[in-house]
Amino acid sequence: MPIPQRIIAATDFSASATQAVRQAAHLARIWRAELLLVHVFNDSVWASLRAVYDLPGWNDVKPVVNQRARLMQLGKEIGAEFGVPVEVEVLTGRASQQIGEIVAARRADLLVVGEHGENWVRDIVLGGTALKVIEAARIPVLLVRRSDPGAYRDVVIATDFSASAEHVARLALAAFPQAQKMLVHAWLVPLEASMRLGGAREEDIERFREREFAQAQQGLDAFVQRLGVPPEALQPLALQGSPASVIFDQVEARGSDLIVIGKHGGSPLDERLLGSVTQNILYHASCDVLLNA
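To start, this report covers the structure provided alongside it. Note that the structure is a prediction, hence the values are computed from the model and not measured.

## As for unusual backbone geometry
Even without a glycine there, the phi angle at phenylalanine 13 is positive, about 75 degrees. Checked against the element boundaries, phenylalanine 13 lands in the loop between strand E1 (6-10) and helix H1 (15-31). Looking at phenylalanine 13, the relative accessible area reads 11%, which means it is buried. The backbone phi angle of glutamine 235 is positive, close to 50 degrees, even though this residue is not glycine. Position of glutamine 235 among the secondary structure elements: in the loop between helix H9 (202-227) and strand E8 (236-240).

Below, the structure written as structure tokens:
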């Protein structure tokens, strides 16, 4: 899979958004990719502010013009710091819709956003509309938490063997060739606690555990074969436990700086809710997250 050649970084000018922009610029430099900085101005929010706060001089304010000048200045600073050409564009409307449209129009390969923002970034990435922006983008999304830009040193790649997981794993292999990588699949015996309530013996449950582990290991082997890389390149590991807990444990133990995960596959309800595993990762990961749409 080719590395991204068109990167869009979204900013609301908050500190965390600027961190994301700087990481996007770092990636654009090492990948020799195009970089577009985008700011979405919500005109309905501005209208509401003017209605609530009747401040002198507000009628003369031209926020879109001001934001465009601010974005152009940021683009110049980022371009000079990282030695990359930077385009900028200010859009008006709802962020998820506008981001989705410009991602499609520019045929972007990667969307980069910060963790917290003054308004829409926090709502989109970590709020109830997370799936909206990811589905609108329909490309991998990098959520940046790191304070300083740089290469990723250690990457935990989570897989449920789905097509989404395979796509983002291939991206990680191509984009971060120098990083140490672990491929993790978490497995559980379904309804193990209920089985005990129903009178299942411990030896029966252990037999089911052995079966689940064997299936998980077979799935990992097949997944690595599909990726076409030697197992030592990924350090595949099947671990018992809930997926989010397993991933967080590995990140902490390894000191990883990036989690790579596909949108959780499953039932239509799982798809609408982004998946509890993916939601948990987005909310609670201590490092950057690369999420495949």
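## Quick look at the sheet that holds strand E9 (residues 258-262)
Strand order in this open sheet of 10 strands is E3-E2-E1-E4-E5-E10-E9-E6-E7-E8, and the pairing throughout is mixed. Because the sheet does not close on itself, it has two edges, and the strands there are strand E3 (86-92) and E8. For this sheet, the mean angle separating the axes of adjacent strands, direction not counted, is 25 degrees. The pairing of strand E2 (residues 34-41) with E3 spans 7 bridges and is parallel. Residue pairing in the sheet places leucine 37 in a bridge with valine 88 of E3. On top of the sheet, H1 reaches E1, E2, strand E4 (110-114) and strand E5 (141-144); it is set at about 150 degrees to E4, its chief contact.

## What to know about the packing of aromatic side chains
For any pair of aromatic rings, geometry is given as the distance between the ring centres together with the angle between the planes. Inspection of every chain in the model, using the stated rule, returns 4 aromatic pairs. Taken together, a centroid distance of 6.0 Å and an interplanar angle of 45 degrees make the contact between tryptophan 31 and phenylalanine 176 tilted. Linking tryptophan 31 in helix H1 with phenylalanine 176 in the loop between helix H7 (163-175) and strand E7 (180-187), this pair joins segments that are 145 residues apart in sequence. Between tyrosine 152 and phenylalanine 176 the ring centres are 5.2 Å apart and the planes differ by 85 degrees, which places this aromatic pair in the edge-to-face class. With tyrosine 152 in the loop between E5 and strand E6 (154-158) and phenylalanine 176 in the loop between H7 and E7, this residue pair connects regions lying 24 residues apart in the sequence. For the pair formed by tyrosine 152 and phenylalanine 176, the shared burial category is buried. One aromatic cluster in this structure is built from Trp31, Tyr152 and Phe176.

## Remarks on the packing of H1 against helix H3 (residues 63-82)
At a minimum axis distance of 10 Å, the contact between H1 and H3 shows a crossing angle of 45 degrees. When the interaxial angle is binned, H1 and H3 end up oblique. Where H1 crosses over H3, the two elements pack in a sense that is right-handed. For the pair H1 and H3, contact is made by Val21, Arg22, Ala25, His26 and Arg29 and by Ile78, Glu81 and Phe82, respectively. Of the residues assigned to the contact of H1 with H3, the class counts are 4 nonpolar, 1 polar and 3 charged.

About the cut-offs
Residues numbered from 1 in each chain as written. Predicted model: local features only at pLDDT ≥ 70, side-chain atom pairs only at ≥ 80, totals over all residues. Heavy atoms only, no water. Helix = DSSP H or I, 4+ residues; strand = E, 2+ residues; numbered from the N terminus. Buried < 20%, exposed > 50% of the residue type's maximum accessible area, 1.4 Å probe, protein only. Pairing = 2+ DSSP bridges. Axes fitted to C-alpha atoms, helices over the stretch in contact; angles between N-to-C directions. Contact = heavy atoms within 4.5 Å. Phe/Tyr/Trp six-rings, centres within 6.5 Å; stacked < 30°, edge-to-face > 60°. Parallel < 35°, antiparallel > 145°, perpendicular 65-115°, else oblique. Left-handed = near helix turned anticlockwise from the far one by under 90°. Nonpolar A, V, L, I, M, F, W, Y, C, P; charged D, E, K, R; others polar.

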